[in-house]
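Inside the fold
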Amino acid sequence: MKFQHHLLLLLCLFFLVNPVGARKKKVLVLHSYHQGLNWTDNITSGMQSIFNQYDNLEVQFEYMDSKRNSDPAYLEEFAKFYELKHHAIPFEVIIASDNNALEFTRRYQDIYFNNIPVVFASIDQFDESLIEGMTNVTGVTEFIDFKRTIQEALRLHPKAKNLVVINDNQTTSAIINRNHIKSFWPEIDTDVNLIFLENLSIDELVNKVKQLDKSNIILLLNFSKDKEGNYISYQENIEIIREATQLPIYSSWVFYLDEGIVGGMLTSGFEQGKLSAQIALRVINGEDINQIPHVTTGYNSLIFDYNQMQRFGIKTNQLPEGSRIIHLPPTFIEKNKTYLLLTFIFSLLIVLIIFYARYIRKRNENRLLAINKDLKVNRTRLLRMLDSNSDGVWEHNFNSERLTFSKQIWLNLGYDPDRVKNTLEFVYAHIHPNDQKNVEDKRLDYLKGKTETFEVVFRLRNAKQEWKWYKGKGKILDRDDENAPVNMVGTLTDITQRKLAEEQIQEDEKQIRASEKRWRSLIEQAADEILIHDFTGKIIDANSSACQSLAFSHNELMQMNFADLDCKYSASKLEDYWNTLSSDKSSISMESIQKRSDGSTFPVEMNLSLIELEEDQLILVVVRDISKRQETERKVLNAVIETEETERKRFAKDLHDSIGPLLSSINLYLSALKQTDESDKKESIIKVSREAVNEALVSIKEISNNLSPHILSDFGLEKAIDSFTKKLQISERINISFQAENLNKRLNEQVEVVIYRVVTELIHNTIKHAKAENIEINLSHEKDELKLIYIDDGIGFDTRKLESDKANGMGLYNILSRVRSLNGTHKIKSNPANGGMMAVLSVKLESAE
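These figures come from a predicted structure and were not determined experimentally.

Concerning the overall build of the protein chain
Of the regular secondary structure elements, the protein chain holds 25 helices and 27 strands. Here the protein chain holds 849 residues, and the buried ones make up 40% of them. Here the protein chain has roughly 49500 Å² of accessible surface; of this, 50% comes from carbon and sulfur atoms.

And the structure:
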């Protein structure tokens, strides 16, 4: 068992260090348009034809959908979506497909794609201004050869009077293509008129196309969006035009091919996808992207549809040299190539067999006659021997085509031997349909001399309609004077149980491999450290997170003891903890301090669990770095202490500045009262003393109210907030709107205090920092939830700094921490660019007091 255990460990180590298990390199493909668009899908297919050849790549596809959504606000939201989804992923290279994706990467390169190589693909009318300011960028430009397409269309239709260009003139690429055609049109030597059908609705386009006579030919660019803003796919616009006219249609994109166009100099998205993927692979393999030149060719070719050529009387010899034609009928040789080849091979095989058979017959004729005599003598004895060493024997007579099974075989199958037929048809009817061809092929291979013995595995149906597995073996026993086989005999062995056992073993092995793969995947994908060690502390396995966190290689960790990584507990103390693990107490949690390879330390939380591997017990340790958590706890504690100290100082100052002078005045009045005997003067002193006492009482009440407003404890949260906001509107130049819903009953006292402090702190921050003119506060109680919505129109702030910048928000951070202590949630949204702030707090309530 120990040998098996060591062997398993060696196998695990082999697969861990094997490069096949290495983490895959990540590639992001950013498409300008949407999935399902022919052009975009063709580019994707081209890339996948390259990337699918490599197992070490993980390719992610993202679609901007800018053809259907081109509004700037949408693109800004897409950028936010990208930041949430991808900004932390370490991509090796990014492929930007089409112009909008390239512009997106150029605009946000310093933010999201810093130091990530960018390969562009299918960039229409490319010039260097499109990548101005970018670094580490190259790719595949897209030059659509409209000029060559137009020249070929005019040459193939010499009687044409008008070239009608269908273009939506709504999208950026459509406008670029229109201007490009107009720029080179004067260079074409022709009297044909150039007409543009653009800025039309779908119905208007159909009507215009239907009115065109036979003197026109059509050049389809793209009609992706009509003047009413309706999006139209490439598939739809060719179908609309094809159904509206019988005129010849030309284009410059492969995805229109086989959809009704005659052809042209067609641009292939598939080829551009392949070229861009090949550049990306060169970058991934370490080649400097700045040394890779732009690819400007390799994706345009002259392609024509033979079916459309037939419609318009175009001969193949009219096409330019090197043109490719689809649907071209094959020649006689091409059409019958397989048949002719098989005929030749079969004829040659027959000739070879004839010569070989004659040679063998002449050489072995005399010897076979002698052997045949001996075989006849020993036949009976051989059949008896075979029958005694198997589940039965069989005999096949080639002259009568009689196939006889021994009685034992039929009895084993549950049949009456006297009622069976000894014919090929009857036996084959009991062989499984899926096995019949295999049996016949094996028999023919043996008869042709391809195998030394006839051996086959197949299934027979028994009387209960169940399939039983048998292994058949046989050899030719008798031959005639021409050396042709006369009798073949053999055995049948029931191997059903062995077959079932083999299938079960294969299924068990498959499940074990799948389980091991899932376990290894879970371990490697875990964000926490995961280590496995025995009860002596020797580390047996570790995931990639452990290697990264501790800054040790996997091999280094395998040579270490777990106690070497712990700075808090001694080896003996750790062993005491390990020994407490048992079937009754299979896991324990504890905090400790771990040490990295450079000697630095960090606090951790460890969960130790007992696991079993075959008959051995091991310890699985899940380690989580709690540095940030402890830092946050320290910040919160410091904030609480600071807040309490500030409140104490304010309270002392209020007592000193308000109550102290009043008490001193009262003391003076009492001294003066003692020194006079005049009743009027005494009355005056007593009156003044009472006023001073009343003023002191008012001051004490105000100080008490600041510490804990009496209106909150007496009248509840709604009245307290309403009173606070009304006082502020008198003293501050700010408009505060406060609304409360369903607060007829008092809430839990702790909840009321926390929400009141949150509101006052939010208002305080708005007045102090936001320069706002209006504040809206909405407080509602629905079922078991209290919800607060706070909005101001101030200058806004960066919410990401709320937890990291103690000086600019620790008071608010402390209050929000108290909200979390109530199992509440909070969301704060603000943007310095647009201004304003909105806070939404929600607290689950228990029964009201």
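Some words on the nonpolar core
Formed by 76 residues in total, the largest nonpolar core has its most connected members in Phe-51, Ile-95, Ile-150, Ile-166 and Ile-181. With seven residues, the top contributor of residues to this core is helix H9 (residues 269–284). Apart from the residues within four sequence positions on either side, Ile-95 is in contact with Val-27, Leu-28, Val-29, Leu-30, Met-47, Phe-51, Val-119, Ala-121, Ser-276, Ala-277 and Ala-280. In this structure, Ile-721, Ile-736, Tyr-756 and Val-759 belong to the second largest nonpolar core, which totals 34 residues.

Quick word on the pairing of strand S2 (residues 57–63)
On any regular strand, side chains alternate: one points to one face of the sheet, the next to the other face. Bridge count for strand S1 (residues 25–31) against S2 is seven bridges, and the pairing is parallel. Bridge pairing links His-31 to Tyr-63 in S2. Crossover handedness for the path S1 to helix H2 (residues 38–51) to S2: right-handed.

Some words on helix H4 (residues 98–112)
Maximal helix bending in H4 amounts to about 40°, located at Arg-106. Those residues of H4 that sit buried are Asp-98, Ala-101, Leu-102, Phe-104, Thr-105, Tyr-108, Gln-109 and Tyr-112. Structurally, H4 contributes buried residues whose contacts are with S1, H2, helix H3 (72–86), strand S3 (93–97) and strand S4 (118–124).

Overview of helix H15 (residues 433–447)
In this model, H15 (15 residues) spans 22 Å end to end at C-alpha, consistent with the 21 Å of a helix rising 1.5 Å per residue. Listing the buried residues of H15 in full gives Asp-435, Val-439, Arg-443 and Tyr-446. All buried residues of H15 project into a common sector of 75° when viewed along the axis, lining one side. When the buried face of H15 is taken as reference, the exposed residues oriented beyond 90 degrees from it are Pro-433, Asn-434 and Lys-437. Turning to H15, the residues buried within the fold contact strand S13 (393–397), helix H14 (424–429), strand S15 (454–461), strand S16 (467–479) and strand S17 (485–494).

Overview of the sheet that holds S16
Strand order in the open sheet formed by five strands is S14-S13-S17-S16-S15, and the pairing between neighbours is antiparallel. The open sheet has two edge strands, strand S14 (402–405) and S15, and neither has a second partner. Here the average twist between neighbouring strands, direction ignored, is 25°. Strand direction decides the pairing type here: S13 and S17, joined by five bridges, are antiparallel. The residue of S17 that forms the bridge with Glu-395 is Val-489. The strands touched by H15 are S13, S15, S16 and S17; relative to S15, the strand with the most contacts, the crossing angle is about 160°.

Topic: the pattern of salt bridges
Where side chains of opposite charge bring their charged atoms close, a pairing between them can arise. Tallied over the full model, the rule gives 20 salt bridges. Among the salt bridges present, the one from Arg-242 reaches Glu-259, with a minimum N-O distance of 3.7 Å. With a gap of 17 residues between them, Arg-242 in helix H8 (residues 234–244) and Glu-259 in the loop between strand S9 (249–251) and strand S10 (263–267) connect regions that are remote in the sequence. Via salt bridges that share partners, Arg-148, Glu-152 and Arg-155 belong to a single interconnected network.

Examining empty space enclosed by the protein
Taken as a whole and assessed by the stated rule, the structure comprises one cavity of 30 Å³ or more. Estimated volume of the largest cavity: approximately 200 Å³. Forming the boundary of the largest cavity are 16 residues, of which Trp-394, Leu-403, Phe-405, Val-439 and Phe-454 lie nearest the centre. Only S13, S14, H14, H15, S15 and S17 provide two or more residues apiece to the lining of the largest cavity.

Overview of the confidence of the model for the protein chain
Mean pLDDT for the protein chain: 83, with 86% of residues reaching 70 or above. Per-element confidence in the protein chain is highest for S3, whose mean pLDDT is 95, and lowest for helix H1 (residues 2–17), whose mean pLDDT is 45. Considering only residues more than four positions removed or in separate chains, one finds that residues 1–7, a stretch of pLDDT under 50, has four contacts.

Overview of the packing of aromatic side chains
By the definition in use, this model includes 23 aromatic pairs. Note on Phe-146 and Trp-253: the rings are 5.7 Å apart at their centroids and 70° apart in plane angle, and the pair reads as edge-to-face. Within this pair, whereas Phe-146 is found in helix H5 (residues 146–156), its partner Trp-253 is found in the loop between S9 and S10, the two being separated by 107 residues in sequence. Both residues of the pair, Phe-146 and Trp-253, belong to the buried class.

Concerning the sheet that holds strand S19 (residues 539–542)
In space, the five strands of this open sheet follow the order S19-S18-S22-S21-S20, with antiparallel pairing throughout. Lying at the two open borders of the sheet, with one neighbouring strand each, are S19 and strand S20 (587–595). Between one strand axis and the next, the sheet turns by 30° as a mean value, whatever way the strands run. Where strand S21 (residues 601–613) meets strand S22 (residues 616–625), ten bridges bridge the pair, whose relative direction is antiparallel.

Points about the pairing of strand S7 (residues 193–197)
In terms of strand pairing, strand S6 (residues 162–166) meets S7 through five bridges, oriented parallel. Bridge assignment links Val-165 to a residue of S7, and that residue is Phe-196.

So, the environment of Leu-620
Along the chain, Leu-620 turns up in strand S22. Spatially, the C-alpha atom of Leu-620 lies 9.2 Å from that of Ser-587, the residues being 33 residues apart in sequence. In this structure, Leu-620 is in contact with Ile-530, Leu-531, Ile-532, Asn-607, Leu-608, Ser-609 and Ile-611, ignoring residues within four places of it in sequence.

What about the side chain of Ser-251?
Summarising the element assignment, Ser-251 is placed in strand S9. The class for Ser-251 is buried, based on a relative accessible area of 0%. One polar contact links the side chain of Ser-251 to the main-chain carbonyl oxygen of Leu-220, over a distance of 2.8 Å. In contact with Ser-251, not counting residues within four places along its chain, are Thr-149, Leu-219, Leu-220, Leu-221, Tyr-256, Ile-261, Gly-263, Gly-264 and Leu-266.

Examining the packing of H5 against helix H6 (residues 172–184)
In the contact formed by H5 and H6, the axes pass within 10 Å of each other and the chain directions differ by 60°. The pairing of H5 with H6 is recorded here as oblique in orientation. Between H5 and H6 lies a crossing of right-handed hand. Taking contact as the criterion, the partners of Phe-146, Lys-147 and Ile-150 in H5 are, on H6, Asn-177, His-180, Ile-181 and Phe-184.

Here is what the cut-offs are and how they apply
- Residues numbered from 1 in each chain as written.
- Predicted model: local features only at pLDDT ≥ 70, side-chain atom pairs only at ≥ 80, totals over all residues.
- Heavy atoms only, no water.
- Helix = DSSP H or I, 4+ residues; strand = E, 2+ residues; numbered from the N terminus.
- Buried < 20%, exposed > 50% of the residue type's maximum accessible area, 1.4 Å probe, protein only.
- Areas by Shrake-Rupley, 256 points an atom, 1.4 Å probe, with all protein chains shown as cover.
- Core = buried A, V, L, I, M, F, W, Y, C linked by side-chain atoms within 4.5 Å.
- Contact = heavy atoms within 4.5 Å.
- Pairing = 2+ DSSP bridges.
- Right-handed = clockwise from strand over helix to strand, strands pointing away.
- Bend = angle between axes of the 7 residues up to and from the residue.
- Expected span 1.5 Å × (residues − 1).
- Arc of directions from axis to C-beta.
- Axes fitted to C-alpha atoms, helices over the stretch in contact; angles between N-to-C directions.
- Salt bridge = Lys/Arg side-chain N within 4 Å of Asp/Glu carboxyl O.
- 1 Å grid on protein atoms, 1.4 Å probe; cavity = no way out; pocket = protein on both sides within 12 Å on 5 of 7 lines; lining within 4 Å.
- Points joined across faces, edges and corners; volume = space filled by probe spheres on them.
- pLDDT = per-residue confidence, 0-100.
- Phe/Tyr/Trp six-rings, centres within 6.5 Å; stacked < 30°, edge-to-face > 60°.
- Polar contact = N/O pair within 3.5 Å; in protein donor to acceptor, adjacent residues only side chain to side chain.
- Parallel < 35°, antiparallel > 145°, perpendicular 65-115°, else oblique.
- Left-handed = near helix turned anticlockwise from the far one by under 90°.

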